[in-house]
Amino acid sequence: MLLFYKPSEAEHQGTFEDGRQKLQKLIFMITIESLVEQGANVKLEVTPTDLKMFAESIVQRTIMAQQEEHKAAMQREAEEGWLNTRQVRELLNVCESTLNLWAKRGYLVPVKVGNKNMYAKSDVHRVQTGGKSESVTSYCKKRNG
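Residues numbered from 1 in each chain as written. Predicted model: local features only at pLDDT ≥ 70, side-chain atom pairs only at ≥ 80, totals over all residues. Heavy atoms only, no water.

S.K.: Lay out the overall build of the protein chain in plain terms, naming residues and giving numbers.
M.R.: If you tally the helices and strands in the protein chain, you get 6 helices and 7 strands. Counting helices and strands in the order they occur from the N terminus, the protein chain gives β-β-β-β-α-α-β-α-α-β-β-α-α. A total of 145 residues make up the protein chain; the buried ones form 21% of that total. Expressed as a percentage of contacts within the protein chain between residues at least 6 apart in sequence, the contacts between residues at least 24 apart total 46%. Summing over all exposed atoms, the protein chain offers an accessible surface of approximately 11,200 Å²; the carbon and sulfur share of this is 53%. (Helix = DSSP H or I, 4+ residues; strand = E, 2+ residues; numbered from the N terminus. Buried < 20%, exposed > 50% of the residue type's maximum accessible area, 1.4 Å probe, protein only. Contact = heavy atoms within 4.5 Å. Areas by Shrake-Rupley, 256 points an atom, 1.4 Å probe, with all protein chains shown as cover.)

S.K.: Let's hear about the environment of Arg 89: which residues, and what values?
M.R.: With respect to the helices and strands, the residue Arg 89 is situated in helix H3 (residues 85-92). Not counting residues within four places of it along the chain, the set of residues in contact with Arg 89 comprises Val 94, Cys 95, Glu 96 and Leu 99.

S.K.: Can you explain the sheet that holds strand S7 (residues 116-120)? Please cite residues and give values.
M.R.: With antiparallel pairing, 3 strands are arranged side by side in an open sheet as S5-S7-S6. A single partner strand is all that each edge strand has here, and the edge strands are strand S5 (82-84) and strand S6 (111-113). Sheet twist, expressed as the mean angle between neighbouring strand axes with direction ignored, is 45 degrees. Of the pairings in the sheet, the one linking S5 to S7 comprises 3 bridges and is antiparallel in character. Bridge pairing in S7 places Leu 83 opposite Tyr 119. Strands in contact with H3 are S5 and S7; relative to S5, the strand with the most contacts, it is inclined by about 90 degrees. (Pairing = 2+ DSSP bridges. Axes fitted to C-alpha atoms, helices over the stretch in contact; angles between N-to-C directions.)

S.K.: I'd like to hear about the packing of H3 against helix H5 (residues 121-128), residue by residue, with values.
M.R.: Two elements in contact, H3 and H5, have axes separated by 11 Å at closest approach and are oriented at 20 degrees. It follows from the interaxial angle that H3 and H5 lie roughly parallel. You can see that H3 and H5 cross each other, and the crossing is right-handed. Residue-level inspection shows Val 88, Leu 91 and Leu 92 of H3 in contact with H5, the latter providing Val 124, Val 127 and Gln 128. (Parallel < 35°, antiparallel > 145°, perpendicular 65-115°, else oblique. Left-handed = near helix turned anticlockwise from the far one by under 90°.)

S.K.: Tell me about the pairing of S7, and name the residues and values.
M.R.: The sheet contact formed by S6 and S7 spans 3 bridges and is antiparallel. Directly across from Lys 112, in S7, lies its bridge partner Asn 117. Linkage of S6 to S7, two consecutive antiparallel strands, is achieved through a turn of 2 residues, within which Gly 114 is found at a positive phi near 65 degrees.

S.K.: Give a detailed account of unusual backbone geometry, specifying residues and quantitative values.
M.R.: For residues that are not glycine, phi is negative in most cases, and the peptide bond is trans in most cases. At Asn 93, a position not held by glycine, the phi torsion is positive, near 55 degrees. Secondary-structure assignment places Asn 93 in the loop between H3 and helix H4 (96-105). With relative accessibility at 70%, the residue Asn 93 sits in the exposed group.

S.K.: Describe the pattern of salt bridges, with residues and values.
M.R.: Applying the stated criterion to the full structure yields 4 salt bridges. Residue Glu 90 is joined to Arg 86 by a salt bridge in which the shortest nitrogen-to-oxygen separation is 3.4 Å. Taken together, the positions of Glu 90 and Arg 86, both in helix H3 and 4 residues apart, correspond to about one turn of that helix. (Salt bridge = Lys/Arg side-chain N within 4 Å of Asp/Glu carboxyl O.)

S.K.: Before we move on, could you go through the nonpolar core and cite the residues and values that matter?
M.R.: In terms of nonpolar packing, the biggest core is built from 11 residues, these being Leu 83, Val 88, Leu 92, Val 94, Leu 99, Trp 102, Tyr 107, Leu 108, Tyr 119, Val 124 and Val 127. For this core, the elements supplying multiple residues, two or more each, are H3, H4 and H5. In this structure Leu 99 touches Thr 85, Val 88, Arg 89, Val 94, Leu 108 and Tyr 119, once residues within four positions along its chain are discounted. (Core = buried A, V, L, I, M, F, W, Y, C linked by side-chain atoms within 4.5 Å.)

Coordinates in, geometry out; function isn't part of it.
Rendered as structure tokens:
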């Protein structure tokens, strides 16, 4: 953490932890992270303690982000539903050969469960809403046009 001081009156005098005289008044505090986020172009003189705090904050934020990502993935997986080929054909209004072609091209890939193809609802929804590279409608127009 960086501390910015200005000269002050006598009541703000004192000593720092290392014994140096404190003859200034605290103006504001700023962290190295905030300087990085703002893209500030400044020269700094930092202590090893500052660097350690900066590194620890990066590690902590990374751990928290990974935990949140993992939790979200687990929740999505728990909520994930599956549809069989007939249900997907009806939802997307396509024939089985179209589903086979999409699987071959990686557009909508099923998961084999026993001898049945099952499709993740999230993948079907992605196709319905035009995710990845194109929507079902534009795909069919290209194919038939």
